[in-house]
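Geometric and topological summary
So you can see what is in the structure, the chains are spelled out below.
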Amino acid sequence: MFNQEKRTITTERLMLRPFELADAKRVSDLCNNYNVYKSTLTLPYPYPVECAIAWIEAHEENFINNIHYEFAITDKSSNELCGAIGLTNKQAHRNGEVGYWIGEEYWGKGYATEATKAILAFAFSEKHYHKVFARHFASNPASGRVMQKCGMVKEGILLQHIYKENKYDDLIHYGIINTEG
């Protein structure tokens, strides 16, 4: 459920909330992990705290200008930060891309799926998108399973589309259309 005033989304176990500068150290700690880096498209490695600060500082303006919505994924009961999820806004086409990362210590707990389902509801109910899409590396099938669990449909494969770590990787594209609107 989205709280407009606080810009938070609450799920069964999670609270998705705006990042704060106080989160920068934790973001750096979670992202400064080779296993997280190798499964993401744009995350730098190493990931110093200065990167986290610069990234967080851009969020407010992007949110206000309806360019990009970025949320911290936190445990609802402990407030512990475990990852991030973002949604771009392509207003001309009424669609956007969802992207996420989860700290390695939280993998396998269903947090990415729960957060993605919440972001899809936000995109369709609050922002009135027609479609949301996501992409993952072929070398990261767990991310594809998240997309499938959220009702997204595999739309295609971009063969050897990404060059990372001195090799090419396929990029697998998923999408979901808002059937309510």
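Just so we're clear, the structure is a prediction, and the values are computed from it rather than from any experiment. (Residues numbered from 1 in each chain as written. Predicted model: local features only at pLDDT ≥ 70, side-chain atom pairs only at ≥ 80, totals over all residues. Heavy atoms only, no water.)

**Some points on the sheet that holds strand β3 (residues 14-17)**
Strands belonging to one sheet form pairs held by backbone hydrogen bonds; the direction of such a pair is parallel or antiparallel. Strand order in the open sheet formed by nine strands is β1-β2-β3-β4-β5-β6-β7-β9-β8, with mixed pairing between adjacent strands. Each edge of the open sheet is held by one strand with a lone partner, namely β1 (2-3) and β8 (153-164). Sheet topology note: the strand β7 (residues 131-137)/strand β9 (residues 167-177) ladder contains seven bridges and is antiparallel. Paired with R135 across the bridge in β9 is H173. Against the sheet, helix α5 (residues 141-149) touches β6 (95-102), β7 and β9, its axis set at about 160 degrees to β7. (Pairing = 2+ DSSP bridges. Helix = DSSP H or I, 4+ residues; strand = E, 2+ residues; numbered from the N terminus. Contact = heavy atoms within 4.5 Å. Axes fitted to C-alpha atoms, helices over the stretch in contact; angles between N-to-C directions.)

**Here's the deal with the environment of D75**
Tracing the backbone shows D75 in strand β4 (residues 68-75). Looking at D75, the relative accessible area reads 16%, which means it is buried. Beyond its immediate chain neighbours, meaning those up to four positions away, D75 contacts R13, L14, E80 and Y111. (Buried < 20%, exposed > 50% of the residue type's maximum accessible area, 1.4 Å probe, protein only.)

**Regarding unusual backbone geometry**
Cis geometry marks the peptide bond from Y45 to P46; its omega dihedral reads 0 degrees. The residue P46 is located in the loop between α2 (34-37) and α3 (49-64) in this model. Phi at N66 takes a positive value of approximately 55 degrees, unusual for a residue other than glycine. Structurally, the position occupied by N66 is in the loop between α3 and β4. Look at N66 and you get partly exposed, because its relative accessible area is 28%. Positive phi is not limited to glycine here, since N79 has a value of about 65 degrees.

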